[in-house]
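Each chain, letter by letter, is given below.
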Amino acid sequence: MKKVLLACAMVWSIALLGSARAQTPAAQEPPAAAAPAAAPPAAPAPAMITDADIKGVPTPKPEDKANGDPAGTLTGTAADIPVGDTKKGLTIQDVVSAVGQNLIATNFVWTLVTGFLVMFMQAGFALVETGLARAKNSNHTMMMNFMVYGVGMAAYWLIGFAIQEGGVGAVANLGGTAPLNSEFAIHIFGKDWGLFGQKGVMLGGATYDVGVMVMFLFQMVFMDTALTIVTGTAAERWKYSAFVISSFFMGAFTYPLYANWAWGGGWLMNLGANYGLGHGYSDFAGSGVVHSVGGITALAMAIIIGPRIGKFTRNGKPNAIPGHDIVIVLLGCFILAFGWFGFNPGSTLGAAANGNLRISSIAVNTMLAGMAGSFSAMYYMWIRYGKPDASMTGNGLLAGLVAITAPSGFVNPMGAVIIGLVAGVLCALSVEFIERNLKLDDVVGAISVHGTNGIWGVISVGLFADGRSNYVGAWNGVPGSVTGLFYGDAGQLVAQLMGVATLVGFVFSFSFALNMIIEAVWGHRVPAKVELEGLDMPEMGALGYPEFVLKPEAVLAQ
């Protein structure tokens, strides 16, 4: 048994040293250190283990396990290792194969389960958005949140995944994903600038691969998160048919293009390797890729679709339009906070080897930033308006979670708390600015929560990354750990600001142009009569609350 354990230990050591970083092609090895002046005496060569050494290892007999194994000492032994050739019996090759498959299986299960958590965030978004809308629009708002999952997935399966991940290369945590090997690039300033992937359309051909399937599921639920952000901003006046068309094109093109540049082998992530700007644009779990893309697209939509009837007076003063159920709003916020434990820690794409034990640090950073965001938003509203506003407190929680999403894998707990505190106040200030200065109507505050704080999260990587994360010694192909300005690397901040400029410049412009075409051809907004009546019956054919009756205030006062 000791020899089998020694063999397993040797194989695990090889696996740990050979793994590559999670979200990018296999990272290059750090440069070799200078040779010492005098080499130490060579250690004796380890004894080689052969098949013969493990054939005599005792294993439990069937009769030993017949009465059960309450202590767990008879289960998970050499007898449970699959044997490739029953005539040969257990071999070193069988042990090596079992170790390798178990390592990849651990990463598969971790990534799939965290993807399931992110998928459940859709329920949280649905509750938050429906609760902040009025009762007369509850069916319509809930249906947008329900079907954005299917609409986005269809678009992503057809073409979006190929654009985003078709050239990502080998993701060693998932066994290689070798079929995702074709990135369209142009040659500028002596370097290749990746623009979009070309493998994975409808998951056909060689991309019918177990590792690719894990990648598809995990990246798909991230994409759908971005799409549902827009439904919150445009709720209570968006045609359901226009929502379907707009969401499809966002899932097929807008989101995948930026995600490719940041995660899929594109030019932003290679700013470090190509031009020495830190480790290139680094967005660990998607403050920019997911949240800012959604929030900035929501900004474009708010400009196009216009405010709800009654939102602004003739003098431009914003009127409060309260939602119908703050209870489900805060419940939705808790569901989203729970799902974020999939969003951020899951972005390692593995739990075994490859520096992935930082999942614990990432989870704690996520908790702390959300807490800090809720506190700072609550106290801001309390001090400014005399009461702790419930909806803004919930949005402060989400703002802190959005802001920590990009830096969660690179910062320490104190940095996470600072990032969250700033996010909560920034969310409240942004909501006021968008309503009072830009005169835009955002039903749920999605532009501020996801757009503004997504950008803050991207910038915070360039400030607070402490250089202590170690994903096999490299990130985005650059040796060493991601380090921000406050810890000595100004180049990382430059890379992050280039990502922000691309978000504001390309994503906004592309989203605005795309939705203006839909506006011209189809129209985004329901007629005024429908909006006043409520979208449930005219758009969906049924009320969300068929027995819900509004009573005059005079009656309620009696």
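A brief report on the enclosed structure follows. (Residues numbered from 1 in each chain as written. Predicted model: local features only at pLDDT ≥ 70, side-chain atom pairs only at ≥ 80, totals over all residues. Heavy atoms only, no water.)

## What about the pattern of salt bridges?
Link 1 in the chain: A complete count under the given rule lists seven salt bridges for this structure.
Link 2 in the chain: Ionic pairing is found between arginine 134 and glutamate 236, a salt bridge with its closest N-O pair at 3.0 Å. Taken together, the positions of arginine 134 in the loop between helix H4 (92-132) and helix H5 (138-165) and glutamate 236 in the loop between helix H6 (210-233) and helix H7 (240-263) put the pair 102 residues apart, joining distant regions of the chain.
Link 3 in the chain: One salt bridge connects glutamate 236 with arginine 308, and the closest N-O pair in it is separated by 2.4 Å. (Salt bridge = Lys/Arg side-chain N within 4 Å of Asp/Glu carboxyl O. Helix = DSSP H or I, 4+ residues; strand = E, 2+ residues; numbered from the N terminus.)

## Remarks on unusual backbone geometry
Link 1 in the chain: Residue leucine 349 is not a glycine yet carries a positive backbone phi of 60 degrees.
Link 2 in the chain: Residue class for leucine 349 comes out buried when judged on its relative accessible area of 0%.
Link 3 in the chain: Phi is positive for valine 472, close to 55 degrees, though the residue is something other than glycine.
Link 4 in the chain: In this fold, valine 472 is placed in the loop between helix H14 (446-464) and strand S3 (474-475).
Link 5 in the chain: Owing to a relative accessible area of 24%, valine 472 belongs among the partly exposed residues under this scheme. (Buried < 20%, exposed > 50% of the residue type's maximum accessible area, 1.4 Å probe, protein only.)

## Some words on the pairing of strand S1 (residues 183-188)
When a strand is regular, its side chains alternate between the sheet's two faces.
Link 1 in the chain: The pairing of S1 with strand S2 (residues 191-197) spans six bridges and is classified as antiparallel. Bridge pairing links histidine 187 to aspartate 192 in S2.
Link 2 in the chain: Hairpin connection, S1 to S2: the antiparallel pair is bridged by two residues, and phenylalanine 189 has positive phi, about 55 degrees. (Pairing = 2+ DSSP bridges.)

## Side note on the side chain of threonine 114
Link 1 in the chain: By the element assignment, threonine 114 lies in helix H4.
Link 2 in the chain: Of the residues examined, threonine 114 reaches a relative accessible area of 2% and is grouped as buried.
Link 3 in the chain: Of the polar contacts made by the side chain of threonine 114, one reaches the backbone oxygen of tryptophan 110; its length is 2.9 Å.
Link 4 in the chain: A distance of 3.0 Å separates the side chain of threonine 114 from the backbone oxygen of threonine 111, its partner in a polar contact.
Link 5 in the chain: With sequence-adjacent residues up to four places away left out, threonine 114 is seen in contact with Phe218, Phe341, Gly342 and Gly346. (Polar contact = N/O pair within 3.5 Å; in protein donor to acceptor, adjacent residues only side chain to side chain. Contact = heavy atoms within 4.5 Å.)

## Concerning empty space enclosed by the protein
Link 1 in the chain: Overall, the coordinates contain three cavities of 30 Å³ or more when judged by the stated rule.
Link 2 in the chain: A volume near 80 Å³ is recorded for the largest cavity.
Link 3 in the chain: Around the largest cavity, the lining residues are Phe125, Val128, Glu129, Leu336, Asn395, Leu398, Val444, Ala446, Val449 and His450.
Link 4 in the chain: The set of elements that each furnish at least two residues to the lining of the largest cavity consists of H4, helix H12 (390-405) and H14.
Link 5 in the chain: Per-class residue counts for the lining of the largest cavity are seven nonpolar, two polar and one charged. (1 Å grid on protein atoms, 1.4 Å probe; cavity = no way out; pocket = protein on both sides within 12 Å on 5 of 7 lines; lining within 4 Å. Points joined across faces, edges and corners; volume = space filled by probe spheres on them. Nonpolar A, V, L, I, M, F, W, Y, C, P; charged D, E, K, R; others polar.)

What is shown is where atoms sit, not what they do.
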